[in-house]
Amino acid sequence: MDEFPHLDQERLAQSLAEIAGFGGLMIVHAEDPHHLDAAPQHGGPKYTDFLASRPRDAEDTAIANLIAQAKRLGARVHVLHLSSSDALPLIRAAKAEGVAITVETCPHYLTLTAEEVPDGASEFKCCPPIREAANQDLLWQALADGTIDCVVTDHSPSTADLKTDDFATAWGGISGLQLSLSAVWTAARERGHGLEDVVRWMSQRTAALAGLGSKGAIEAGRDADFAVLAPDDTFTVDPAALQHRNRVTAYAGKTLYGVVKSTWLRGERIVADGEFTEPKGRLLDRPA
């Protein structure tokens, strides 16, 4: 996108060196522009064409270059929304060598597959793209063994008119914030994971990564932020019932486990059975 241009390797190194100088964390959308430019760009409604336009090697090359720069400079880096399982061996090796790299994936990569995306259904469009079921299995394995650190929504809403049936021009992004807990829990339980695993991936590790010491656990001294969940209850996703301003979702019609009964912010109930009270939000700060 024009407002978010790619960094070439020289500018990446310059930026990373600057950030390393004050102990900061560089967060990276990892797709290499040269591989994207070389990929076939057909446009149109076919999801297979869109998938071919965002190949795995674009992610893999970008991550390999990022790891090399982070290792050379002693910098901290975080890979956003990993979708390519082919990059996992690179990440495992980098972590074993002590490179300060963390990685996230998203609910849609863990719960949706390329095989189920209908042609023209650009509510499934995101970048990097949703890939095949075999790729998804490897993402789950990497999440279980700690190669992937956390699960983050990458919530990217749009108005319905921007989700055209042309995958090349449609808005890229999935609105997943409201459904993320239930979607991940539904898939996790099918794969033998417990709710404590989901909490670790979606709360504890994300709070730690962001440096928010008052969040991420229910214990003395932390903010009393929590959701009351009925883990065995189910619901069917109805776009009209979503709280999103723009009710576009890739989960329409899916039956999910995990019904949130109430939500609490710093000890105050702000949602009960879908009814909101006025939340008293405040700016979150981190200790120096």
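Computed from a predicted model, the values in this text were never measured in an experiment.

Asks: What's the story with empty space enclosed by the protein in this structure? I'm lost.
Replies: Counted under the stated rule, the structure contains 1 cavity of 30 Å³ or more. Around the largest cavity, the lining residues are Glu-123, Ser-156, Pro-157, Ser-158, Lys-163, Gly-173, Ile-174, Ser-175, Val-248, Thr-249 and Ala-250. Partitioning the lining of the largest cavity into residue classes produces 4 nonpolar, 5 polar and 2 charged.

Asks: Quick question: what am I supposed to make of the pattern of salt bridges here?
Replies: Pairing between side chains of opposite charge can happen when their charged atoms approach one another. Under the criterion given, the structure shown has 17 salt bridges. The salt bridge involving Arg-92 is made with Asp-145; its shortest N-O contact spans 3.1 Å. With Arg-92 in helix 5 (residues 88–96) and Asp-145 in helix 7 (residues 133–145), the pair connects residues that are 53 residues apart, well separated along the chain. With a relative accessible area of 33%, Arg-92 lands in the partly exposed category. For Asp-145, a relative accessible area of 45% gives the class partly exposed.

Asks: What is the right way to look at the layout of surface pockets in this model?
Replies: Its volume calculated, the second largest pocket comes out at about 1,400 Å³. Taken together, 44 residues line the second largest pocket, and the ones lying closest to its centre are Phe-4, His-6, His-29, Glu-31 and Arg-54. Of the residues belonging to the lining of the second largest pocket, the class tally is 21 nonpolar, 15 polar and 8 charged.

Asks: Explain the pairing of strand 6 (residues 255–265) here, please?
Replies: It is a general feature of regular strands that their side chains alternate between the two faces of the sheet. Both strand 5 (residues 226–236) and strand 6 contribute to a ladder of 8 bridges, which runs antiparallel. Along strand 6, the bridge assignment pairs Thr-234 with Tyr-257. In this structure, strand 6 lies alongside strand 7 (residues 268–272), joined through 4 bridges in antiparallel fashion. Pairing of Ser-262 across the sheet is with Ala-272, part of strand 7.

Calculation criteria
- Residues numbered from 1 in each chain as written.
- Predicted model: local features only at pLDDT ≥ 70, side-chain atom pairs only at ≥ 80, totals over all residues.
- Heavy atoms only, no water.
- 1 Å grid on protein atoms, 1.4 Å probe; cavity = no way out; pocket = protein on both sides within 12 Å on 5 of 7 lines; lining within 4 Å.
- Points joined across faces, edges and corners; volume = space filled by probe spheres on them.
- Nonpolar A, V, L, I, M, F, W, Y, C, P; charged D, E, K, R; others polar.
- Salt bridge = Lys/Arg side-chain N within 4 Å of Asp/Glu carboxyl O.
- Helix = DSSP H or I, 4+ residues; strand = E, 2+ residues; numbered from the N terminus.
- Buried < 20%, exposed > 50% of the residue type's maximum accessible area, 1.4 Å probe, protein only.
- Pairing = 2+ DSSP bridges.

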